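Read off the chains here:
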Amino acid sequence: MNRTLAAMRTDVALQARNQLYAISVGMAVVLAGVLSWLSSPAQLHRTVPMALLLIVGGSTLLYVIAMVILEKDDGTLQAVVVSPLRPREYLDAKIVTLSALATLEGVIMTAGTVVWVGRDSGIHWPSPWLLVGVFALGVIHTYIGVILVVRHRRIMEALLPAGGLATLLQVPSLYFVGAFSHPALLAIPSAAPSMLIRGAFVPLEAWEWIYALTYSAVLVVMLRRWARVAYEHHVVRKGGI
């Protein structure tokens with residue numbers, strides 16, 4: 001636990017030094033304004049899950065790819081591999097810090113939108129399921145980013161497959177905005193936490209709660225295992241190169 005906390009502090013310092021907090025907060029404020037312009041109180045259950053999936057999910061995927069590539073370039077991963085820090089602890093630190101950053105970004109974007117949209121009709125705050133959904137969205141995107149990026153040594157090598165993967169993960173936004181309601185879209189991993197975000201604004205049916213909670217939990221367990229195996233195979237066995 002002490003090693004994980006130390007790794008988390010290091011990650012937070014690195015993220016701050018690379019201006020990720022400033023970028024996320026600034027982007028969230030700007031996008032809250034855009035989302036407010038596009039939304040009405042009756043549409044928030046559609047527009048907010050769509051926006052968080054597109055923006056927060058996409059930025060989290062990009063952040064984890066950039067951070068791991070940076071650590072490879074400056075030799076940090078080589079030092080981590082020979083340190084007492086275990087792969088599980090390294091990954092846990094990344095998951096917690098980047099998902100917390102995603103949650104901060106999502107909360108600011110949502111709060112700004114809700115305040116502006118509700119300034120005349122009254123502010124109706126979303127339930128705490130918003131935090132659960134955004135954090136789960138960050139966890140899933142971070143794990144997927146790790147699985148992808150450990151296979152590459154240069155940022156440009158990772159960006160092309162990352163772009164295709166990000167596009168696939170963003171397809172469920174069509175479901176939540178009401179443009180395309182085929183249930184097959186709910187099989188895409190990013191859909192389950194987005195359903196939890198929707199549940200913060202409107203009551204969900206029983207099957208939607210079961211789907212969102214169960215599928216999110218299953219995905220986290222599976223992706224956690226996959227990310228650790230990928231990290232050990234592509235990073236640890238190669239000495240962090």
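Residues numbered from 1 in each chain as written. Predicted model: local features only at pLDDT ≥ 70, side-chain atom pairs only at ≥ 80, totals over all residues. Heavy atoms only, no water.

Draft legend 1. Molecular detail of a nonpolar patch on the surface. The grouping of V30, V34, W37 and L38 at the surface amounts to a nonpolar patch, some 460 Å² of accessible area in total. Structurally, the position occupied by W37 is in helix α2 (residues 20-38). The class of W37 is exposed, set by a relative accessible area of 72%. (Patch = residues over 30% accessible without salt bridge, like charges linked within 9 Å, V, L, I, M, F, W, Y side chains within 5 Å. Areas by Shrake-Rupley, 256 points an atom, 1.4 Å probe, with all protein chains shown as cover. Salt bridge = Lys/Arg side-chain N within 4 Å of Asp/Glu carboxyl O. Helix = DSSP H or I, 4+ residues; strand = E, 2+ residues; numbered from the N terminus. Buried < 20%, exposed > 50% of the residue type's maximum accessible area, 1.4 Å probe, protein only.)

Draft legend 2. Structural view of the environment of L137. By the secondary structure assignment, L137 is in helix α6 (residues 129-149). A residue is classified by how much of its surface remains accessible, and L137, at 1% relative accessible area, is buried. Taking the C-alpha atoms as reference, L137 lies 26 Å from R153; in sequence the two are 16 residues apart.

Draft legend 3. Focus on helix α1 (residues 2-17). The terminal C-alpha atoms of α1 lie 23 Å apart, and with 16 residues this matches the ideal 22 Å at 1.5 Å per residue to within 8%. Buried within α1 we find T4, A7, D11, L14 and Q15. What you see down the axis of α1 is that its buried residues fit within an arc of 95°, all on one side. In α1, those exposed residues whose orientation departs by more than 90 degrees from the buried face are N2, R9, T10 and R17. Backbone geometry just after α1 places Q19 at a positive phi near 65°. (Expected span 1.5 Å × (residues − 1). Arc of directions from axis to C-beta.)

These figures capture arrangement, not role.
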